[in-house]
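Examination of the molecular architecture
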Amino acid sequence: MRIPRALPGVLLACSLPLTGCIVESGRGEMSRSLIPEVNCPVEPDTSITTDIRIGYQQIPNGDLIVKDANLLAKCMPNATITWTQFSSGADVVRAFGSNALDLGLMGSAPTAKSLSAPLNLDVRVVWVQDVIGGAESLAVKDSAIDAIAGLRGRRIGVPFGSTSHLSLQSALDKAGLAQSVTVINLEPSAILGAWQGDQIDGAWIWEPTLSELTKDGHVIMTAEDTAEAGSPTYDLEGARGEFVTANPAAMRMWTAAQNWAVGLIRDDREDAVARLAGQLGVDPDQVRGQLDGYIYLDATEQAAPKYLGGGLGTDIRNTALFLQTQSGVDAVGPPAVYTGALYPDAAREVAQK
Amino acid sequence: MTQVVAGEAPARKDDEPEGPAVPPARRRPKLSPEALRHWGIRAGALIVFLVVWWGATAAHVIEPLYLPGPGDVWRAFVRANTWHQVAPGVPREVLGEQNYFLWEHLIASLQRIFIGVGVAIVFGVLLGFAMGSSKWVATMVEPYLNFLRALPPLGYFSLLIVWFGIGDTSKVWLLFLAAFPAVTVATLSGVLGVKRDYVNAARALGAGKSQVLARVVMPASVPDIVNGIRLAVGFAWTTVVAAELNNGIPGIGGLAYVAGTQLRTPLVIACIIVIGITALLLDSVIKWIGLAAAPWKGRA
């Protein structure tokens, strides 16, 4: 009987990692802030007991500040809140598709995709996390090129399906270069490698890759330019339609917390930078630079006709129309689908307070 | 009957090369000159490697963003395992990286691998035995098994997310699907490779079908199964980064990915080294379990 002699060893080896030290996903905020804790900006609501599953991304905006300050748990002490990290808007859309998420941050391109055929998801747009400005820009290496017209016959890298891709294509369309520039699908880290090896002449990309590229290149166009030309790009907060309908009180509380975070970015930049740096795990200097590349809107501005009041719906539909030409969506619905997906109620209520 | 395999096997040394004279279970590590030389060569190679690495980065042959020096990697490793300030002067301390220490990321990944591969071992071994004992089952299952084996995990992972959600379930499924074919194929080859002599001898002594399976076939295929498990754990490690691309925090693969998107190469390399060393250790543990469970390996 030699086999049983090994048995205790086998059992031990199997059970060691399973007992004792189980690491759980999505545990609460652990960082130690040496500054006083923040309290809920409004009266906490103990009557909210729902489960709230939130998808966030590593983008420097109010969402990460709310997460950092643990504000939702303070405003809704009896709700169960789970934060899940996503690496792209496409993954957030997939999670909405499988009903695994109640609220999730995604760019305007994935939002347009989720509201159009074939997905036609029941997703509402409840908040504009940021309007993308200089944070996503077109950098080129050849110092002789100073305008987009100089890109004829060149190769440009961009992550496909991203808001940067959207900005690049609309800029190329405007300049009549859509057919004469080679656009290559590359992930941010791959863009850096391709740039270093001179395999691309330029890239439309965000931080921290953008800073690396501008070390031996220069920016010729930003998302702010394309926004002025009529193709703005956003980071939006999507919400599951059923969740929004069933939990208006939770939505109001969530919006109040986001509004507080926007106020912090505007009025107490250093505190916001420290919180974002802690969440992102990067140097505060890097965050400081990145914040300037986005425009943050408070509840009053969001509720205005330009954004959640209706204008944003047109922007999302235009994005969908553009995606259709890129085979990103099958069909674009009537304008009512996109304006109807906006949910300005919570922003309005918070703005009135 | 118990003694048939265990007792008889070491006596049959006819066709296999002879192993060491002392049974492996009793080989206590008293460092012989040979072992010293063996470890000396390894330590020397490691030192040479580190010096070349350090030299290449110190001489700025390669930009630090692409290959940081050993010191940077070590600092990233320490930072990821301790409480530290976000930056000097910022009144805020965070633990590890992404709200978890590095070792917690590692354990989170190990948990997923242990569950995924654990289920894969049970299922894979059972399926392998079923295929080995019934031609019918084998004919039916084999094409699907080979089909699954050839699929790239990243290709079908998005489907698993749609089916099982973004939590740990889809990750464990991915690891299971990546791991079990290796176990099944190894078990099958183990079962088919059992010497007819053993089976015939047992049957001649009056063993029934189930006794032959339990006392002869199963023990005789243990070495193959262990090899299959080693391969399976290897596959699981190669898939774990893909599995943790989405919602992979905590997870060592997820951390490597996030660090990559932030261009923090020292942390990426620290994660890779930790993954590599853990995989090595895990493999030697499985190898050791295999030797303990089948000490006659190589001598029967």
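1. Examining the packing of aromatic side chains
Under the counting rule described, the total for this entry stands at 13 aromatic pairs over all chains. Ring geometry for Tyr-56 of chain A and Trp-83 of chain A: centres 5.9 Å apart, planes at 70°, overall edge-to-face. Taken together, the residues Tyr-56 of chain A in strand 2 (residues 51-56) and Trp-83 of chain A in strand 3 (residues 80-85) connect sequence positions 27 residues apart. Ring geometry for Phe-123 of chain B versus Phe-180 of chain B: centroids 5.0 Å apart, planes at 80°, classification edge-to-face. Placement of Phe-123 of chain B in helix 4 (residues 102-133) and of Phe-180 of chain B in helix 7 (residues 168-192) is noted, with a sequence separation of 57 residues between them. Assessed through its relative accessible area of 7%, Phe-180 of chain B is described here as buried. The structure contains a cluster of three or more aromatic residues connected by ring pairs, namely Phe-123, Trp-163, Phe-164, Trp-173, Phe-176 and Phe-180 of chain B. Across from the ring centre of Trp-39 of chain B, 5.2 Å away, lies the NZ or CZ of Arg-42 of chain B, which sits over that ring.

2. Remarks on the interface of chain A and chain B
Residue-level contacts link 51 residues of chain A with 50 residues of chain B. Summed over the shared surface of chain A and chain B, the number is zero salt bridges. There are five residue pairs in polar contact (both at pLDDT 80 or more) connecting chain A and chain B. When residues of the side of chain A that touches chain B are traced back to their parent elements, those giving at least two are helix 1 (3-15), strand 1 (32-33), strand 3, helix 4 (89-97), helix 7 (188-196), helix 8 (209-214) and helix 12 (269-280) of chain A. Broken down by element, the residue count for the side of chain A that touches chain B peaks at six residues, all from helix 12 of chain A. Among the residues making up the side of chain A that touches chain B, the classes are represented as 24 nonpolar, 16 polar and eleven charged.

3. Section: the confidence of the model for chain A
Residue and element names in this part refer to chain A. In the predicted model, chain A carries a mean pLDDT of 88, and the fraction of residues at 70 or more is 91%. Considering each helix and strand of chain A separately, the mean pLDDT is smallest for helix 1, with a value of 46, and largest for strand 11 (residues 234-240), with 96. Below a pLDDT of 50 lies the segment residues 1-20, which in the model reaches 17 contacts outside its immediate sequence neighbourhood of four places, other chains included.

4. Thoughts on unusual backbone geometry
The amide bond that connects Ala-117 of chain A to the next residue, Pro-118 of chain A, takes the cis arrangement and shows omega of 5°. Omega for the peptide link from Glu-207 of chain A to Pro-208 of chain A comes to 0°, which places this bond in the cis form. Here Pro-208 of chain A lies in the loop between strand 9 (202-205) and helix 8. Phi at Asn-99 of chain B is positive, roughly 75°, even though this residue is not glycine.

Procedures and definitions
Note on numbering: residues in each chain are counted from 1, in written sequence order. Starting at A for chains and at 1 for ligands, labels are handed out in the order in which the entities are written. pLDDT decides what is reported in this predicted model: residues at 70 or higher carry local features, side-chain atom pairs at 80 or more are listed and counted, and totals for whole chains, interfaces and linings draw on all residues regardless. Side-chain metrics in this entry use all non-hydrogen atoms of the structure; hydrogen atoms and water are not considered. Only centres within 6.5 Å qualify two rings of Phe, Tyr or Trp (six-membered ring in Trp) as a pair; their planes then separate them into stacked at under 30 degrees, edge-to-face at over 60, and tilted for everything else. Segments assigned H or I by DSSP are reported as helices when at least four residues long, segments assigned E as strands when at least two residues long, and all are numbered from the N terminus. Think of it in three bands: residues with accessible area under 20% of the maximum for their type are buried, residues over 50% are exposed, and the middle band is partly exposed, with areas taken using a 1.4 Å probe on protein chains only. Two limits define a charge over a ring: the Lys NZ or Arg CZ must be within 6 Å of the ring centre, and within 35 degrees of the ring normal. Residue contacts follow a heavy-atom distance rule, with two residues in contact if any of their heavy atoms lie within 4.5 Å. Here, a salt bridge means any Lys or Arg side-chain nitrogen found within 4 Å of an Asp or Glu carboxyl oxygen. A 3.5 Å cut-off defines polar contacts: any pair of N or O atoms within that distance qualifies, except that in protein one atom must be a possible hydrogen donor and the other a possible acceptor, and neighbouring residues in sequence count only when both atoms are side-chain atoms. Put simply, Ala, Val, Leu, Ile, Met, Phe, Trp, Tyr, Cys and Pro go in the nonpolar bin, Asp, Glu, Lys and Arg in the charged bin, and everything else, Gly too, in the polar bin. Scored between 0 and 100, pLDDT is the confidence that the predictor attaches to each residue.

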